[in-house]
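# Chain and residue survey
What follows is the residue order along each chain.
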Amino acid sequence: MSENLVEIKNLTFNREERCIYNGISLSIPKGKVTAIMGPSGIGKTTLLRLMGGQLKPQSGEILFAGHNIPELSRNALYEVRKRMSMLFQSGALFTDMSVYENVAFPIREHSKLPENIIEKMVMMKLEVVGLRGAMHLKPSELSGGMARRAALARAIALDPELIMYDEPFAGQDPISMGVIVRLIRDLNDALGLTSVVVSHDVPEVMSIADYIYIVAEQKIIGQGTPDEIVKQDSELVQQFIKGEHDGPVPFHFPAKDYQAELLGGKS
Amino acid sequence: MLDKIQWLGRTAINVIAGLGRAAFVLGSAISHIPNVRKGLPLFIQQVYSVGVLSLIIIMVSGTFIGMVLALQGYTVLVDYGAEGSLGPMVALSLLRELGPVVTALLFAGRAGSALTAEIGLMKATEQLSSLEMMAVDPLRRVIAPRFWAGFFSMPILAAIFSMLGIIGAHLVGVEWLGVDQGTFWSVMQSDVDMLDIIKGGIKSLVFAFVVTWIAVYKGYNCIPTSEGISRATTSSVVQASLLVLGLDFILTALMFT
């Protein structure tokens, strides 16, 4: 039995004319926190959507516990999705439901448990994320950090094997960020989850990830443990983790010659 | 020249792909008839949202249109001494045409636009994606209850519209202009037969189907940005209204000639 819960092999994905991934391969080991990092707009969220079967690649395999996601039928895909969950960047809480109803939603959808058991399960999940006291609030009454924690409680409601975090630290204040960093690590260890964190927040990811992939230019440009990543020679990797404004990833978007454009006009 | 051919080809492909997606959404909505345990509460919630909350606009419009019909009809009929025919004139106009058509147009503006915007916003805020990732089919959970609620509510709203229109016409024709009450009701009763009511009902069902289908499809298929939702909402109302008017002509030609 493979030690990897997810294996991506020779994945190629194009969005219209634009190539997002060109034959990338990576593995997500069971029970670990794996981070996928890279500059904005290179398709990190797209990779999560490919893993969740929301997008289909042009070629390649995405194996989740031995199932090749792109080849699954609609019903089989929905069965597999019961074993994974995703924390969206926006939280994606249902705005017409309270926090309690949001967390209870997947349990009610996929089980026939009596309401008193569901109530206890929801309480436990909310206690883990520290929001038991906010269970009656609506998503519009929550701060950004609280909304993300409520969404996290919903994501773990069915005790998934894999949890995917899409930019979990984006737009968070330092306290909320610290809370989410701790929750990702603690939940992974306490519940025996496998976590994939997509982010470009270098210090936070470095502090919790067991293994890191850095993605840019449609391929993986660096990988290793946080210590190994820091020591890598690649200029691109170094530019990314040090946050340098110019380097292999240029400050300027590719354009025609500046002087020629100024003299000749836009056309 | 080559650019124009390319544009034509791309447009044709986009139109066909759009029709395919719309048919897929419709097929999924139809195949997910709300069941008792999970679907029925959602269906009832949506009937309230698209049906009950549309009552005011339908009731007020129905009453005023009936009143105006009576006023206009009376001024013409009285010249020929035929004001006794005011009752059937108003009733047939409402049951055959104005009830189904105006209700459909109002429904597209009030409930159809709300459905499109709501579903579009759910898409933009990743709520539909999160449903998919929770192994819950958004077509079953979100689209189907709304489609069935619209299909169920609109014919009832059209019936209420026609009923209040006739009451409005009675207020103006009988209470204000002095048409004989007995003549008003008895001529209406003898000239309007069950077939008129059934044919009006068929129109309402067809319009309900089309308006709700367009509304849910436009929301589900919108570009998930503020501009995309705005465009989808506008096009939902415009396309539904035009289709209702076009279909009304076809149905009238088929059923009443």
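Residues numbered from 1 in each chain as written. Chains lettered and ligands numbered in written order. Predicted model: local features only at pLDDT ≥ 70, side-chain atom pairs only at ≥ 80, totals over all residues. Heavy atoms only, no water.

## As for a nonpolar patch on the surface
Stated formally: Without a salt bridge and with relative accessible area above 30%, a residue can belong to a patch; like charges are then joined within 9 Å and nonpolar side chains (Val, Leu, Ile, Met, Phe, Trp, Tyr) within 5 Å. Note on areas: Shrake-Rupley, 1.4 Å probe, and residue coverage restricted to the protein chains presented here. By definition, a salt bridge exists where a carboxyl oxygen of Asp or Glu is found within 4 Å of a side-chain nitrogen of Lys or Arg. Helix and strand assignments follow DSSP, with helices taken as H or I runs no shorter than four residues and strands as E runs no shorter than two, numbered in order from the N terminus.
A surface patch of nonpolar side chains, amounting to about 450 Å² of accessible area, comprises Met194(B), Leu195(B), Ile197(B), Ile198(B) and Ile202(B). Note that Met194(B) resides in helix α8 (residues 194-220).

## Some thoughts on the sheet that holds strand β8 (residues 194-199) of chain A
Residue and element names in this part refer to chain A. Test applied: A strand pair is defined by DSSP finding two or more bridges across the two strands. Only the stretch in contact is used when a helix axis is fitted, and all axes are lines through C-alpha atoms; the angle between N-to-C directions ranges over 0 to 180 degrees.
Spatially, the six strands line up as an open sheet ordered β6-β7-β8-β3-β9-β10, and their pairing is mixed. The sheet terminates laterally at β6 (84-87) and β10 (219-224), the two strands that pair on one side only. For this sheet, the mean inter-axis angle between neighbouring strands, taken without regard to orientation, is 20°. Pairing of strand β3 (residues 33-37) with strand β9 (residues 211-216), which is carried by four bridges, proceeds in the parallel orientation.

## Section: the pattern of salt bridges
Residue and element names in this part refer to chain B. Here is the rule we go by: Accessibility here uses a 1.4 Å probe with only protein chains present; expressed as a share of the type maximum, an area under 20% marks a residue as buried, one over 50% as exposed, and anything in between as partly exposed.
Within this structure, the stated rule accounts for 21 salt bridges over all chains. A salt bridge links aspartate 196 to arginine 96, with the shortest nitrogen-to-oxygen separation between them at 2.8 Å. Of this pair, aspartate 196 sits in helix α8 while arginine 96 sits in helix α4 (residues 86-124), and the two are 100 residues apart along the sequence. On the accessibility criterion, aspartate 196 (5% relative accessible area) is buried.

## Considerations on the interface of chain B and chain A
For clarity, the cut-off: Any two residues whose heavy atoms approach within 4.5 Å at even a single point are treated as in contact. Defined in terms of a 1.4 Å probe, buried area is the accessible area two parts forfeit on being brought together, summed over both. Here a polar contact is recorded for every N or O atom pair within 3.5 Å, except that within protein the pair must consist of a potential hydrogen donor and a potential acceptor, and residues adjacent in sequence are included only if both atoms are side-chain atoms. Under the scheme applied here, ten amino acids are nonpolar (Ala, Val, Leu, Ile, Met, Phe, Trp, Tyr, Cys and Pro), four are charged (Asp, Glu, Lys and Arg), and all others, including Gly, are polar.
Taken together, the contact between chain B and chain A spans 20 residues of the former and 27 residues of the latter. For the chain B and chain A pair, buried surface summed over both sides reaches about 1900 Å², with 53% attributable to carbon and sulfur atoms. Summed over the three residues of chain B that lose the most area to chain A, namely Glu126(B), Met133(B) and Met134(B), the buried surface amounts to 35% of that side. For the pair chain B and chain A, the interface holds four salt bridges. The closest approach of N and O atoms between Glu109(A) and Arg141(B), which form a salt bridge, is 3.4 Å. Counting across the interface, chain B meets chain A through 11 residue pairs in polar contact (both at pLDDT 80 or more). The leading source of residues in the side of chain B that touches chain A is helix α5 (residues 127-133) of chain B, at six residues. Residues belonging to the side of chain B that touches chain A are distributed by class as follows: eight nonpolar, five polar and seven charged.

## A look at the side chain of Asn188(A)
Residue and element names in this part refer to chain A. Structurally, the position occupied by asparagine 188 is in helix α6 (residues 174-191). For asparagine 188, a relative accessible area of 1% translates into the label buried. Among the polar contacts listed, one links the side chain of asparagine 188 to the backbone oxygen of glycine 31, at a separation of 3.1 Å. Reaching out from asparagine 188, the side chain makes a polar contact with the side chain of serine 195 at a distance of 2.6 Å. Apart from the residues lying within four places of it in its own chain, the contact partners of asparagine 188 are Gly31, Lys32, Val33, Leu183, Leu193, Thr194 and Ser195.

## A closer look at the sheet that holds strand β4 (residues 59-64) of chain A
Sheet strands pair by backbone hydrogen bonding; their relative direction is either parallel or antiparallel. Residues and elements named next belong to chain A. Read from one edge to the other, the open sheet built from four strands follows the order β2-β1-β4-β5, with strand pairing classed as antiparallel. The two strands at the open ends of the sheet, each matched to only one other strand, are β2 (18-29) and β5 (67-68). Lying on the sheet, helix α1 (residues 44-51) is in contact with β1 (4-15), β2 and β4; it crosses β1 at an angle near 120°.

## Details of the nonpolar core
The cut-off we apply is this: By convention a nonpolar core is built from buried Ala, Val, Leu, Ile, Met, Phe, Trp, Tyr and Cys residues, the set being connected through side-chain atoms within 4.5 Å.
In this structure, Leu86(B), Ile143(B) and Phe207(B) are the most contacted members of the largest nonpolar core, which totals 65 residues. Apart from the residues lying within four places of it in its own chain, the contact partners of Phe207(B) are Pro100(B), Val101(B), Ala104(B), Met154(B), Val244(B), Leu247(B), Asp248(B) and Leu251(B). Ranked by size, the runner-up nonpolar core spans 51 residues in total, among them Met37(A), Val129(A), Ala147(A) and Met177(A).

## Quick notes on helix α6 (residues 138-176) of chain B
Residues and elements named next belong to chain B. Note the following rule: To estimate the expected span of a helix, subtract one from its residue number and multiply by 1.5 Å.
Under the 1.5 Å per step criterion, the end-to-end length of α6 is 53 Å for 39 residues, consistent within 8% with the ideal 57 Å. Burial within α6 is extensive, with 28 of its 39 residues counted as buried. Measuring from the side-chain oxygen of the N-cap residue of α6 to the backbone nitrogen of leucine 139 gives 3.0 Å; that N-cap residue is aspartate 137. Two residues or fewer after α6 comes glycine 178, characterised by a positive phi angle close to 85°.

## Brief notes about the packing of aromatic side chains
Heads up, the condition is: Only centres within 6.5 Å qualify two rings of Phe, Tyr or Trp (six-membered ring in Trp) as a pair; their planes then separate them into stacked at under 30 degrees, edge-to-face at over 60, and tilted for everything else. A ring is scored as having a charge over it whenever the NZ atom of a lysine or the CZ atom of an arginine sits within 6 Å of its centre and within 35 degrees of its normal.
What the rule picks out here adds up to 10 aromatic pairs over all chains. Aromatic side chains Phe94(A) and Phe105(A) sit 4.9 Å apart centroid to centroid with 65° between the ring planes, which places their arrangement in the edge-to-face category. Placement of the pair is Phe94(A) in the loop between β6 and α3 (99-110) and Phe105(A) in helix α3, with a sequence separation of 11 residues. Between the aromatic rings of Phe147(B) and Trp148(B), the centroid separation amounts to 5.6 Å while the plane-to-plane angle is 80°, which identifies the pairing as edge-to-face. Here Phe147(B) and Trp148(B) have matching classes, each one buried. Every member of this aromatic cluster is reached through a ring pair, and the members are Phe147(B), Trp148(B), Phe151(B), Phe209(B) and Trp213(B). Positioned over the ring face of Tyr78(A) is Arg81(A), at 5.1 Å from the centre of the ring. Over the ring of Phe94(A) we find Arg154(A); its NZ or CZ atom is 4.7 Å from the centre of that ring.

## Let's talk about helix α4 (residues 115-129) of chain A
Residue and element names in this part refer to chain A. Quick note on the threshold: Here the arc refers to the set of directions running from the helix axis out to each C-beta atom.
Taking 1.5 Å per residue as the helical rise, α4 with its 15 residues ought to reach 21 Å, and the 21 Å between its terminal C-alpha atoms agrees with that figure. Along α4, the residues that are buried comprise Ile118, Val122, Lys125, Leu126 and Val129. All buried residues of α4 project into a common sector of 95° when viewed along the axis, lining one side. Exposed side chains of α4 directed beyond 90 degrees from the buried face belong to Lys120 and Met124.

## Quick notes on the pairing of β10(A)
For a regular strand, the rule is simple: side chains alternate between the two faces of the sheet. Residue and element names in this part refer to chain A. The pairing of β9 with β10 spans five bridges and is classified as antiparallel. In the strand pairing of β10, isoleucine 214 is matched with glycine 222. The hairpin formed by β9 and β10 contains two residues between the paired strands, and glutamate 217 there has a positive phi angle of roughly 50°.

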